[in-house]
Amino acid sequence: MADPLRETFDAVAASYESARPAYPAALYDDLVELAELEPGARLLEVGCGPGIATRPLLERGYRISCVELGERLAAEARRNLAGLPVEIHVGAFETWPGEPGGFDLVYAATAWHWIDPDSRYRLAHAQLRSGGHVAFWSARHAFPVDVDPLFRELQPVYEELGEARVESWPLPEDVPDEAADIEASALFEDVRIRRYVWERRYTADEYLALLDTFSGHIAMGEAKRARLYGEIRRRLAERPDGTLRRHWLAILHVARRRD
């Protein structure tokens, strides 16, 4: 069953694109290579949001259909991608009829984990042509050896609020991939994995705007957010430059459709 928290993102549609990070250009280059995409290929994006991972592939000359659960996010995507060869459909991927066998690639950027795990590979397989590929990745918090100490310092605050966020702090290279999950579906083969780590500095306002796009923080009560956000502002105000560093990790998974 799909997680109901996936429906929270539509509430922050207007700020999602400015707050969330762009993915590294190398990720798209690798995706094109590993998925063997030819010029003019047809792509299906699952959960496009405002179009963060849609535009870079449109600019590479591909034609894209998107299925987006949130009406406001879909409206943002239409506005952001106006004039480009893209179709945006509102609805759940699990119930979208699509064009079986009509796509060279089905992909999802920070959305695949929200799709019903009992059906996502079957649904992607059905939409792909023979020899097509499925691909997905997520932008997630990374914890290299030089991770900003603020994140560990904030854990007692999260625990105080009953909102503990981090149970372990694995190095980026130790975060498990989902190759075994893909192979267990028996619908895809030739699984390829690539990893990308990058960092970005945030002011207090920028970081809190980012937190406002995370499902757990959206669902958090107003009083809890006020306590947490006040503590973040206080700690960053004590720093000379008033900023924090957040590292990001994306693990690209690409696999070929098994006929």
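Structure: see above.
Residues numbered from 1 in each chain as written. Predicted model: local features only at pLDDT ≥ 70, side-chain atom pairs only at ≥ 80, totals over all residues. Heavy atoms only, no water.

**Things to note about the side chain of H141**
By secondary structure assignment, the location of H141 is in strand 6 (residues 140-142). Among the residues examined, H141 registers a relative accessible area of 18% and is labelled buried. Non-local contacts of H141, meaning those with residues more than four positions away in its chain, are made with F151, R246 and H247. (Helix = DSSP H or I, 4+ residues; strand = E, 2+ residues; numbered from the N terminus. Buried < 20%, exposed > 50% of the residue type's maximum accessible area, 1.4 Å probe, protein only. Contact = heavy atoms within 4.5 Å.)

**Section: the nonpolar core**
Counting residues in each nonpolar core, the largest one holds 55 residues, and the members touching the most others are Y23, L31, L43, L57, Y107 and W137. Sequence-distant contacts of Y23, defined by excluding residues within four places in its chain, comprise Y28, I52, A53, A109, T110, W137, A139 and W198. Within the second largest apolar cluster, 20 residues are counted, among which are V106, L123, A124 and F188. (Core = buried A, V, L, I, M, F, W, Y, C linked by side-chain atoms within 4.5 Å.)

**Considerations on the side chain of H125**
Along the chain, the position of H125 falls in helix 5 (residues 120-127). Not counting residues within four places of it along the chain, the set of residues in contact with H125 comprises L187, F188, R257 and R258.

**Some remarks on the packing of helix 6 (residues 150-160) against helix 10 (residues 222-237)**
Packing of helix 6 against helix 10 brings their axes to within 10 Å, and their N-to-C directions diverge by 155 degrees. Comparing their axes, helix 10 and helix 6 come out roughly antiparallel. For the crossing formed where helix 6 meets helix 10, the hand is right-handed. Mapping the contact onto sequence places L150, E153, L154, V157, Y158 and E160 in helix 6 and R227, L228, E231, I232, R235 and L236 in helix 10. Tallied by class, residues from the contact of helix 6 with helix 10 come to seven nonpolar, no polar and five charged. (Axes fitted to C-alpha atoms, helices over the stretch in contact; angles between N-to-C directions. Parallel < 35°, antiparallel > 145°, perpendicular 65-115°, else oblique. Left-handed = near helix turned anticlockwise from the far one by under 90°. Nonpolar A, V, L, I, M, F, W, Y, C, P; charged D, E, K, R; others polar.)

**Describing helix 5**
In terms of burial, helix 5 is a largely internal element, six of the eight residues being buried. Looking only at helix 5, the buried set comprises R120, Y121, L123, A124, H125 and Q127. Considering only its buried residues, helix 5 is in contact with strand 1 (42-46), strand 4 (103-109), strand 5 (128-137), helix 7 (179-184), strand 7 (188-203) and strand 8 (243-257).

**Observations concerning the pairing of strand 2 (residues 63-68)**
By the criterion of burial, strand 2 is predominantly enclosed, with five of the six residues buried. Across five bridges, strand 1 lies against strand 2 in parallel orientation. Bridged to V46 within strand 2 is V67. As paired elements, strand 2 and strand 3 (residues 86-90) share five bridges and run parallel to each other. Looking at strand 3, one finds that E68 is bridged to V90. (Pairing = 2+ DSSP bridges.)

**A short note on the state of the cysteines**
Applying the stated rule across the entire model yields zero disulfides. Here C48 is not cross-linked by a disulfide; its sulfur's nearest cysteine counterpart is in C66, at 4.0 Å. Take C48: its relative accessible area is 5%, and that puts it in the buried class. (Disulfide = S-S within 2.5 Å.)

**Describing unusual backbone geometry**
Within the chain, E36 stands out as a residue other than glycine whose phi angle is a positive 55 degrees. By secondary structure assignment, the location of E36 is in the loop between helix 2 (25-34) and strand 1. The phi torsion at T110 lies on the positive side, around 55 degrees, for a residue other than glycine. By the element assignment, T110 lies in the loop between strand 4 and helix 5. Owing to a relative accessible area of 15%, T110 belongs among the buried residues under this scheme.

**Side note on the packing of helix 8 (residues 204-211) against helix 10**
For the pair helix 8 and helix 10, interaxial distance at closest approach is 10 Å and the crossing angle is 155 degrees. Taken together, the axes of helix 8 and helix 10 lie roughly antiparallel to each other. Two packed elements cross with a definite hand, and for helix 8 against helix 10 that hand is right-handed. Contacts between helix 8 and helix 10 pair A204, D205, Y207, L208 and L211 from the former with Y229, I232, R233 and L236 from the latter. Within the contact of helix 8 with helix 10, the residues separate by chemical class into seven nonpolar, no polar and two charged.

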